[in-house]
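Geometric and topological summary
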Amino acid sequence: KAGVTQTPRYLIKTRGQQVTLSCSPISGHRSVSWYQQTPGQGLQFLFEYFSETQRNKGNFPGRFSGRQFSNSRSEMNVSTLELGDSALYLCASSSGQGPRPYEQYFGPGTRLTVT
Amino acid sequence: SQQGEEDPQALSIQEGENATMNCSYKTSINNLQWYRQNSGRGLVHLILIRSNEREKHSGRLRVTLDTSKKSSSLLITASRAADTASYFCATDLKTSYDKVIFGPGTSLSVIP
């Protein structure tokens, strides 16, 4: 089985711009979670999507949004970028159903730099 | 503040030695997981221990969980240079399976 893929791997944007990151989960997985990783704040949960619905959300401003498509691929969008949004964005896929907990499989991440 | 906190923040050992990392958390959990991350890349799941378990083994890894002290430890025996990575504990709250909270991590350096 192919692993979790994230595109692009690296991105440089300017303050005020918006960005869209993409995540393709492992085939058959219906849950995709997004995390932000920074040296100062560590790994923080952004949101989780299951079957095209946001099932859980972390404590991030509304500039951070996401969606999931019928094929379980997910995108996250950050609008009006700020310097503090520079981070490694990780997505993780899991089956999202059946007995808990669900083991998460992480992608390699997208490194976003905001200048 | 973090639900999970690893200790120490950084650890440097010689190849062949054992490495022990600790994780403390604040609220009741369903389970605790340990992950490894190599050099700012994706995380790799190492081991999961449920709240009703006290110890689990996987290869050179040994994890213990003490729910009365709200703490867990990860022991890596006979360390190798390839074990150099950051190690994170992650907990999901008893009130919500869905929200997984990661600690700040322990950076392990294994010197050949």
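How each quantity is defined
- Residues numbered from 1 in each chain as written.
- Chains lettered and ligands numbered in written order.
- Predicted model: local features only at pLDDT ≥ 70, side-chain atom pairs only at ≥ 80, totals over all residues.
- Heavy atoms only, no water.
- Helix = DSSP H or I, 4+ residues; strand = E, 2+ residues; numbered from the N terminus.
- Rg over C-alpha atoms; globule rule 2.2 N^0.38 Å.
- Contact = heavy atoms within 4.5 Å.
- Areas by Shrake-Rupley, 256 points an atom, 1.4 Å probe, with all protein chains shown as cover.
- Lys, Arg positive; Asp, Glu negative; His and termini not counted.
- Charge placed at Lys NZ, Arg CZ, Asp CG, Glu CD.
- Pairing = 2+ DSSP bridges.
- Axes fitted to C-alpha atoms, helices over the stretch in contact; angles between N-to-C directions.
- Buried < 20%, exposed > 50% of the residue type's maximum accessible area, 1.4 Å probe, protein only.
- Polar contact = N/O pair within 3.5 Å; in protein donor to acceptor, adjacent residues only side chain to side chain.
- Disulfide = S-S within 2.5 Å.
- Buried area = accessible area lost by both parts, 1.4 Å probe.
- Salt bridge = Lys/Arg side-chain N within 4 Å of Asp/Glu carboxyl O.
- Nonpolar A, V, L, I, M, F, W, Y, C, P; charged D, E, K, R; others polar.

Looking only at helices and strands, chain A has 0 helices and 11 strands in total. Along chain A, helices (α) and strands (β) appear in the sequence β-β-β-β-β-β-β-β-β-β-β when read from the amino end. Rg of the C-alpha trace for chain A: 13 Å, near the compact-globule value of 13 Å for 115 residues, within the 12% margin. Seen through its C-alpha atoms, chain A measures out along the principal axes to roughly 40 × 25 × 25 Å. Counted over contacts in chain A with a minimum sequence separation of 6, partners at least 24 positions apart contribute 55%. Total accessible area on chain A stands at roughly 5,400 Å², and carbon and sulfur atoms take up 48% of it. Computing the positive centroid from 12 side-chain charges and the negative centroid from 6, chain A places the two 2 Å apart.

So, about the pairing of strand S6 (residues 55-58) of chain B. Residue and element names in this part refer to chain B. One ladder, built from 4 bridges, connects S6 with strand S7 (residues 61-66); its direction is antiparallel. For His 57, the partnering residue across the bridge sits in S7 and is Arg 62. Counted between consecutive antiparallel strands, the loop separating S6 from S7 contains 2 residues, among which Gly 59 sits at a positive phi close to 60°.

The next thing to look at is the sheet that holds S6 of chain B. Residues and elements named next belong to chain B. Judged by pairing direction, the sheet is antiparallel, and its 5 strands sit side by side in the order S1-S3-S8-S7-S6 without closing on themselves. Every other strand in the sheet has two partners, leaving strand S1 (4-7) and S6 as the edge strands with one partner each. Averaged over neighbouring strand pairs, the angle between their axes works out to 15° when direction is ignored.

With that settled, the discussion passes to the side chain of Gln 104 of chain A. Relative to the assigned elements, Gln 104 of chain A resides in the loop between strand S9 (87-94) and strand S10 (105-106). On the basis of relative accessibility, which here comes to 6%, the residue Gln 104 of chain A falls in the buried class. Side chain to side chain, Gln 104 of chain A and Tyr 35 of chain A meet in a polar contact 3.1 Å long. Setting aside residues up to four positions removed in sequence, Gln 104 of chain A forms contacts with Ser 33, Tyr 35, Ala 92, Ser 93 and Ser 94 of chain A together with Tyr 35, His 45 and Val 100 of chain B.

The next point concerns the state of the cysteines. Residues and elements named next belong to chain A. Tallied over the full model, the rule gives 2 disulfides over all chains. Two residues, Cys 23 and Cys 91, share a disulfide whose sulfurs are 1.8 Å apart. Across the S-S bond linking Cys 23 and Cys 91, the dihedral sits near 55°, which makes this disulfide right-handed. Linking Cys 23 in strand S3 (residues 19-24) with Cys 91 in strand S9, this pair joins segments that are 68 residues apart in sequence. On the basis of relative accessibility, which here comes to 0%, the residue Cys 23 falls in the buried class.

Bringing the environment of Leu 81 of chain A into the picture now. Residue and element names in this part refer to chain A. Checked against the element boundaries, Leu 81 lands in the loop between strand S8 (74-78) and S9. Judged by its relative accessible area of 2%, Leu 81 is buried. Distance from Leu 81 to Lys 13, taken between C-alpha atoms, is 7.9 Å for residues 68 residues apart in sequence. Beyond its immediate sequence surroundings of up to four residues, Leu 81 is in contact with Lys 13, Thr 14, Arg 15, Gly 16, Gln 17, Gln 18, Val 19, Arg 63, Leu 112 and Val 114.

Where interface size is quoted, it is often the accessible area lost as the parts come together. Contacts between chain B and chain A engage 19 residues on the former and 19 residues on the latter. Overall, the association of chain B and chain A removes approximately 1,600 Å² of surface from exposure, summing both partners, and the carbon and sulfur fraction of that is 52%. The tally of links from chain B across to chain A stands at 0 salt bridges. Summed over the shared surface of chain B and chain A, the result is 2 residue pairs in polar contact (both at pLDDT 80 or more). The leading source of residues in the side of chain B that touches chain A is strand S10 (residues 96-102) of chain B, at 6 residues. Looking at side-chain class alone, the side of chain B that touches chain A contains 7 nonpolar, 7 polar and 5 charged residues.

Distances and angles like these do not, on their own, reveal function.
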